[in-house]
Amino acid sequence: MTGVNARARSRARHAAEALLGGLQEARFLHRFWQKEPLLIRNAISGFRGFLTAAQLFALARRDDVESRIVVRDGARWSLAHGPFHRSDFAALPARNWTLLVQGLNLVSVEADALLRRFAFLPYARLDDLMVSYAAPGGGVGPHIDSYDVFLLQGFGRRRWRYGRQNDVALRPRLPLRILKRFTPGHDEVLGGGDMLYLPPHFAHDGVAIDACTTYSIGFRAASTQELAGAFLDFLHEGLDLLGRYADPDLAPVREPARIDSAMRHRYERMLKQVRWNRPTVERFVGCWLSEPKASVTFAPPRAPLSRAAFDARAARRGIHLDTGTQFLYDATHLYINGTALRWPAYGAPTLRRLANERALTPRATQGVHPQTATILYTWYRDGYLHPNAA
């Protein structure tokens, strides 16, 4: 099994180097990641995307898929949110509009596979795969993102202008965050299979030369405010504090509107019961990073297999995680879809492999420890993983 895992890691490493234009992963991370843009010609040879315009329009009509349409009319911009109707697309002009479909990896196996090609980066940092379809002249205007992004060109061509700039003033009274002034240092045209990496806070503007698609691999980068708010919510869910405010030593007051120091000290003593330690933070980080987005739902099997039938099918066909499942781990816990579970006494290599490769071959599921098999069956019943089709 060790040899199989080593071969898998070697294949993944070579695939990542091909994706990065021959750069070794460590070299890319040291030289470019969060530092400088990188244009990679023919990052995926022959890539033209895997969805047609009609298929993207169909996704944008679904109420479980986040979508937007951006239209430019001279200096005016409009933004509409889906789900859309067929008539919305029929009413669009011939030029200067873009359809954006978010979270494609949640509804498309091919999109999820593309996202996982970036597995030289932590899954906890991967956010989602967005695809944009643009009519000629379509784009969303010059802007700055607060996260890293790989922009992979599907069919058609798109002109990208980009560069570092300190002036981040925005045009007022627009539905989009469009820069008031834009001074790009680079100007490139990307064709099918070309890819542009942009670090956070680099200004960029992509305009379709002809009808085209661009696949955007975005990364999660929480603000400190967002992180702190989530942590406080996590603490609140686990609080079970004793006591109630009491002041048996209260004396008569002459200024009833005043909050005196004695009252403040009593409340301070109560709040000192709210404490956390490193294990608390570790559990929070794992649960929070593995929490699915609000739009993600899991569908348990309508007619679930028995435990014996599931084990037999997994051993014949293998299993794979649902595209919506986020499965992470650290030294003490497994984290799946926002829930923490201590490592079982047996079966750790199998579970690590499932987390990293997001699938288990039939061979890997054969002879697993009963404790591990119970965990897999529970996740199957929850809709978190599925046996492979015949």
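Quick look at the structure, then. Residue positions within a chain follow its written sequence, with the count starting from 1. Given that the model is predicted, a residue must reach a pLDDT of at least 70 before its local features are reported, and side-chain atom pairs must reach 80 or more before they are shown or counted; all residues, however, enter totals for whole chains, interfaces and linings. The side-chain numbers reported here are obtained from all heavy atoms of the structure, hydrogens and water having been left aside.

## Some remarks on the sheet that holds strand β13 (residues 327-329)
- Across the sheet, 3 strands lie side by side as β13-β14-β15; this open sheet has antiparallel pairing. One side of each edge strand has no neighbouring strand; the edge strands of this open sheet are β13 and β15 (339-342). Going from strand to strand, the sheet's axes swing by 25° on average, the running direction of each strand aside.
- Two strands qualify as a pair provided DSSP detects at least 2 bridges between them. Helix numbers and strand numbers start at the N terminus; a helix is a DSSP run of H or I with at least 4 residues, a strand a run of E with at least 2. Pairing between β13 and strand β14 (residues 333-336): 3 bridges, direction antiparallel. Across the sheet, the residue bridging to F327 is I336, located in β14. Between the N-to-C directions of two axes lies an angle of 0 to 180 degrees, each axis being a line fitted to C-alpha atoms and, for a helix, fitted only over the stretch in contact.

## Some words on helix α12 (residues 370-382)
- Helix length check: α12, at 13 residues, gives a terminal C-alpha distance of 18 Å against a target of 18 Å (1.5 Å per residue), a fit within 8%.
- Summary of the burial criterion: residues with accessible area below 20% of their type's maximum are buried, those above 50% are exposed, and those between are partly exposed, where the area comes from a 1.4 Å probe applied to protein chains only. Among all positions in α12, only T372, A373, I375, L376, Y377, W379 and Y380 are buried. The span one expects for a helix is its residue count, reduced by one, times 1.5 Å.

## Observations regarding the side chain of T213
- Secondary-structure assignment places T213 in strand β11 (residues 212-219).
- Given the relative accessible area of 0%, T213 is considered buried.
- With residues near it in sequence (within four places) discarded, T213 still touches R48, L56, V131, S132, Y133, L152, Q153, G154 and F155. In this description, contact between two residues means that some pair of their heavy atoms is separated by no more than 4.5 Å.

## Observations concerning the nonpolar core
- Grouping buried Ala, Val, Leu, Ile, Met, Phe, Trp, Tyr and Cys residues that are joined through side-chain atoms within 4.5 Å yields what is termed a nonpolar core. In terms of nonpolar packing, the biggest core is built from 54 residues, with F28, L99, L104, F150, Y215 and I217 touching the most fellow members.
- With 5 residues, the single largest contributor to this core is helix α3 (residues 53-60).
- If you look at the next biggest cluster of nonpolar residues, it comprises 22 residues, including A314, L351, L360 and Y380.

## Let's talk about the pattern of salt bridges
- Think of a salt bridge as a Lys or Arg side-chain nitrogen and an Asp or Glu carboxyl oxygen that are within 4 Å of each other. Throughout the structure, instances matching the rule amount to 17 salt bridges.
- In this structure, R41 and E188 form a salt bridge, with 3.2 Å as the shortest nitrogen-oxygen distance. Of this pair, R41 sits in the loop between β1 (38-40) and α3 while E188 sits in strand β8 (residues 186-190), and the two are 147 residues apart along the sequence.
- One salt-bridge network, in which partners are shared between bridges, spans R41, E188 and D194.

## A closer look at the packing of helix α6 (residues 224-238) against helix α8 (residues 278-290)
- The contact between α6 and α8 brings their axes to 10 Å, and the two run at 110°. One element, α6, and the other, α8, form an angle in the roughly perpendicular class. For the element pair α6 and α8, the recorded crossing hand is right-handed. Taken together, the residues of α8 that come into contact with α6 (itself represented by E226, L227, A230, F231, F234 and L235) are T280, V281, R283, F284, C287 and W288.
- Gly is placed with the polar residues, together with every amino acid not listed as nonpolar (Ala, Val, Leu, Ile, Met, Phe, Trp, Tyr, Cys and Pro) or charged (Asp, Glu, Lys and Arg). Classifying every residue of the contact of α6 with α8 by side-chain character gives 9 nonpolar, 1 polar and 2 charged. Small angles under 35 degrees read as roughly parallel and large ones over 145 as roughly antiparallel, with 65 to 115 read as roughly perpendicular and the rest as oblique. Each crossing is labelled by how the near helix is turned from the far one, with a counterclockwise turn of less than a right angle marking it left-handed and a clockwise turn marking it right-handed.

## Considerations on α6
- For α6, spanning 15 residues, the distance from its first C-alpha to its last is 21 Å, which sits close to the expected 21 Å at 1.5 Å a residue.
- Every buried residue of α6 is listed here: A230, F231 and L235. One side of α6 carries all its buried residues, which in axial view fall inside an arc of 140°. For α6, the exposed residues lying more than 90 degrees away from the buried face are Q225, L232, H236 and E237.
- Those residues of α6 that are buried lie in contact with α8. Here, the arc refers to the directions that run from the helix axis to the C-beta atoms.

## Thoughts on the sheet that holds strand β4 (residues 97-101)
- Strand order in the open sheet formed by 8 strands is β1-β9-β6-β11-β5-β4-β2-β3, and the pairing between neighbours is antiparallel. The open sheet terminates on both sides in strands that have one partner only, identified here as β1 and β3 (76-81). Averaged over all neighbouring strand pairs, the angle between strand axes comes to 20°, with direction disregarded.
- As paired elements, β1 and strand β9 (residues 195-198) share 3 bridges and run antiparallel to each other. Bridge pairing in β9 links L38 to Y197.

## As for the packing of aromatic side chains
- When the centres of two rings from Phe, Tyr and Trp lie within 6.5 Å, Trp using its six-membered ring, the rings pair. Their planes under 30 degrees apart give stacked, over 60 give edge-to-face, and anything left gives tilted. With the rule as written, the count across this model stands at 31 aromatic pairs.
- Ring geometry for F50 against Y215: centres 5.0 Å apart, planes inclined by 50°, an arrangement best described as tilted. Here F50, found in the loop between β1 and α3, pairs with Y215, found in strand β11; they are 165 residues apart in sequence, far enough to count as distant.
- The exposure class assigned to Y215 is buried, which follows from its relative accessible area of 0%.
- Pairwise contacts between aromatic rings join F28, F32, W33, F118, F120, F150, Y197 and F219 into one cluster.
- When the NZ atom of lysine or the CZ atom of arginine is within 6 Å of a ring's centre and also within 35 degrees of its normal, the charge is said to sit over that ring. In this arrangement the basic side chain of R31 is found over the ring face of F32, its NZ or CZ atom lying 4.9 Å from the centre.
- Lying across the ring of Y123, R116 places its NZ or CZ 4.7 Å from the centre.

## Considering the packing of helix α10 (residues 348-357) against α12
- With their axes 10 Å apart at the nearest point, α10 and α12 run at an angle of 30° to one another. Taken as a pair, α10 and α12 cross one another with a handedness that is right-handed. Together, T350, L351 and L354 of α10 and T372, I375, L376 and W379 of α12 make up the contact between the two elements.
- Within the contact of α10 with α12, the residues separate by chemical class into 5 nonpolar, 2 polar and no charged.

## Focus: the pairing of strand β2 (residues 67-73)
- Bridge count for β2 against β4 is 5 bridges, and the pairing is antiparallel. Within the sheet, the bridge partner assigned to V71 lies in β4 and is W97.
- Relative to β3, β2 is paired through 6 bridges, and the arrangement is antiparallel. Of the residues in β3, the one forming a bridge with I69 is A80.
- Taking the residues between adjacent antiparallel strands as the criterion, β2 and β3 are bridged by 2 residues, where G74 takes a positive phi near 65°.

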